[in-house]
Amino acid sequence: MVFARKRFGQNFLHDAGVIAHIVEAIDPRADDALVEIGPGHGVLTRPLLDAVVTAAADSRASGSLDAVEIDRDLAAELRATLVPRGLVLHEGDALRFDFAALAATRGRKLRVVGNLPYNVSTPLLFHLLTTPSVLQDLHIMLQREVIERICAAPGSDAYGRLTVMLAPWVATEHLFDVGPGAFRPAPKVWSAVARLTVRTEPAFTLAPTYAAVVAAAFSQRRKTLRNALRSWLDADAISACGIDPGARPETLAPAEFGRLAAAVVNV
Ligand code: SAM
């Protein structure tokens, strides 16, 4: 029996093969500024520390590994086990953590990693992407269904608001799936690992109305754009963006939402 706090989304990884696979995907380097969200008992933290902090000391590089953990008992455990080996631990809520300040301290962009607490995954991604310019990439494990939504192509079942909201800022890769047996306690669903490479500039011009237009478009699936955006743009204005007003929102590419959001600003 493993002691795990459900309210903190605790499913601890124990499969050595999966842990190695994740670390290999991250490909940590001695001068990386790594940040792990929710290190738990440190199964990913240990190999990451070896790859970054120990390697940095050997090669005079200046890599670092920071971690943000909300659970007081796990933080105490990590202070005893991994802080002496070079982990910089921040006890607190990753949703309130100032990633921009950390990047300024480290003097470089952050590489974020984590087997994320599933219950806060979407707000956490949005929090991170409030300051995309301080991030290099994210390697995240989440329920497979959420990873599919993040990485979905237009027109697919998983494509929706989450995909379109992240798309301006990240190029996504669904790397591999992980079965429930890799965790203790075992979750009910499959998980997956994705790489999100953060762009220096958004993929297209982002009007301040982007989030609101995307939310309105997806508020009722299977509505046409003409109906979903009725209070924002009429059919002619949608056509003027080169988009069919009779199309369904889930068939539009993110850049097309970008054009609609820009048109709203100019109405
Ligand atoms: N990384 C460990 C592993 O792979 O075994 C633990 C993963 S577990 C799914 C999620 C971890 O995130 C737990 O350690 C949990 O306490 C922590 N956590 C949950 N909510 C958090 C939050 N808002 N901020 C920081 N850590 C959080």
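What counts and what doesn't
Residues numbered from 1 in each chain as written. Predicted model: local features only at pLDDT ≥ 70, side-chain atom pairs only at ≥ 80, totals over all residues. Heavy atoms only, no water. Domains from an automatic or database assignment. Contact = heavy atoms within 4.5 Å. Buried area = accessible area lost by both parts, 1.4 Å probe. Salt bridge = Lys/Arg side-chain N within 4 Å of Asp/Glu carboxyl O. Polar contact = N/O pair within 3.5 Å; in protein donor to acceptor, adjacent residues only side chain to side chain. Nonpolar A, V, L, I, M, F, W, Y, C, P; charged D, E, K, R; others polar. Helix = DSSP H or I, 4+ residues; strand = E, 2+ residues; numbered from the N terminus. Buried < 20%, exposed > 50% of the residue type's maximum accessible area, 1.4 Å probe, protein only. Pairing = 2+ DSSP bridges. Right-handed = clockwise from strand over helix to strand, strands pointing away. Near = heavy atom within 4 Å. Areas by Shrake-Rupley, 256 points an atom, 1.4 Å probe, with all protein chains shown as cover. 1 Å grid on protein atoms, 1.4 Å probe; cavity = no way out; pocket = protein on both sides within 12 Å on 5 of 7 lines; lining within 4 Å. Sits in = over half its atoms within 2 Å of the grid points. Axes fitted to C-alpha atoms, helices over the stretch in contact; angles between N-to-C directions. Parallel < 35°, antiparallel > 145°, perpendicular 65-115°, else oblique. Left-handed = near helix turned anticlockwise from the far one by under 90°.

## Points about the domain arrangement of the protein chain
Partitioning the protein chain into domains gives domain 1 (6-198) and domain 2 (210-266). On a C-alpha basis, the centres of domain 1 and domain 2 stand 33 Å from each other. The interface is formed by 11 residues belonging to domain 1 together with 13 residues belonging to domain 2. Considering only the side of domain 1, the residues that lose the most area to domain 2 are Y159, R161 and V164, jointly responsible for 52% of the buried surface there. Linking domain 1 with domain 2 are zero salt bridges, by the criterion used here. Where domain 1 touches domain 2, the interface holds three residue pairs in polar contact (both at pLDDT 80 or more). Classifying every residue of the side of domain 1 that touches domain 2 gives six nonpolar, three polar and two charged.

## A closer look at the pattern of salt bridges
Applying the stated criterion to the full structure yields 13 salt bridges. Across the pair R144 and D177 runs a salt bridge whose closest N-O atoms are separated by 3.4 Å. Here R144, found in helix 6 (residues 144-151), pairs with D177, found in strand 7 (residues 170-178); they are 33 residues apart in sequence, far enough to count as distant. For E145, the salt bridge is made with R149, and the minimal N-O distance between the two is 3.5 Å. Separated by four residues within a single helix, E145 and R149 lie in helix 6, roughly one turn from each other. Overlapping salt bridges bring together R5, D71 and D73 as one network.

## Some points on the pairing of strand 6 (residues 135-143)
In terms of residue burial, strand 6 counts as a mostly covered element, since eight of its nine residues are buried. Across six bridges, the pairing between strand 5 (residues 110-115) and strand 6 is parallel. In the strand pairing of strand 6, G114 is matched with I140. Of the crossover connections in this fold, the one passing from strand 5 over helix 5 (residues 121-128) to the parallel strand 6 is right-handed. Note: strand 6 against strand 9 (residues 191-198), seven bridges, orientation antiparallel. Looking at strand 9, one finds that L138 is bridged to L196.

## Some details on the site of the ligand
Not every one of the 22 residues close to the ligand is listed here, only the nearest: Q10, G38, E69, D93 and A94. Within the backbone of A94, one N or O atom sits 2.8 Å away from a nitrogen atom of the ligand. Considering the ligand on its own, with 600 Å² of exposed area, one finds that the protein chains cover 98% of that surface. Judged by its atoms lying within 2 Å of the grid points, the ligand is housed in the largest pocket.

## A look at the environment of L65
Examined against the element boundaries, L65 turns out to sit in strand 3 (residues 64-69). When its relative accessible area of 0% is taken as the criterion, L65 is described as buried. Spatially, the C-alpha atoms of L65 and A235 are 52 Å apart, while their sequence positions differ by 170 residues. Residues in contact with L65, not counting those within four places in the same chain, are L34, V35, E36, T45, L48, L49, V53, G86, L87 and V88.

## A closer look at the packing of helix 8 (residues 210-217) against helix 11 (residues 254-266)
Two elements in contact, helix 8 and helix 11, have axes whose closest approach is 9 Å; the angle formed by their N-to-C orientations is 115°. In terms of axis orientation, helix 8 runs roughly perpendicular to helix 11. In terms of crossing hand, the pair formed by helix 8 and helix 11 is right-handed. Listed contacts from helix 11 to Y210, V213, V214 and A217 of helix 8 are P254, F257, G258, L260, A261 and V264.

## A look at unusual backbone geometry
Residue P185 follows R184 across a cis peptide bond; omega there is -10°. Looking at where P185 falls in the secondary structure, it is placed in the loop between strand 8 (183-184) and strand 9. One non-glycine residue, D27, lies in positive phi territory at about 55°. Looking at the element boundaries, D27 is found in the loop between helix 1 (16-26) and strand 2 (33-37).

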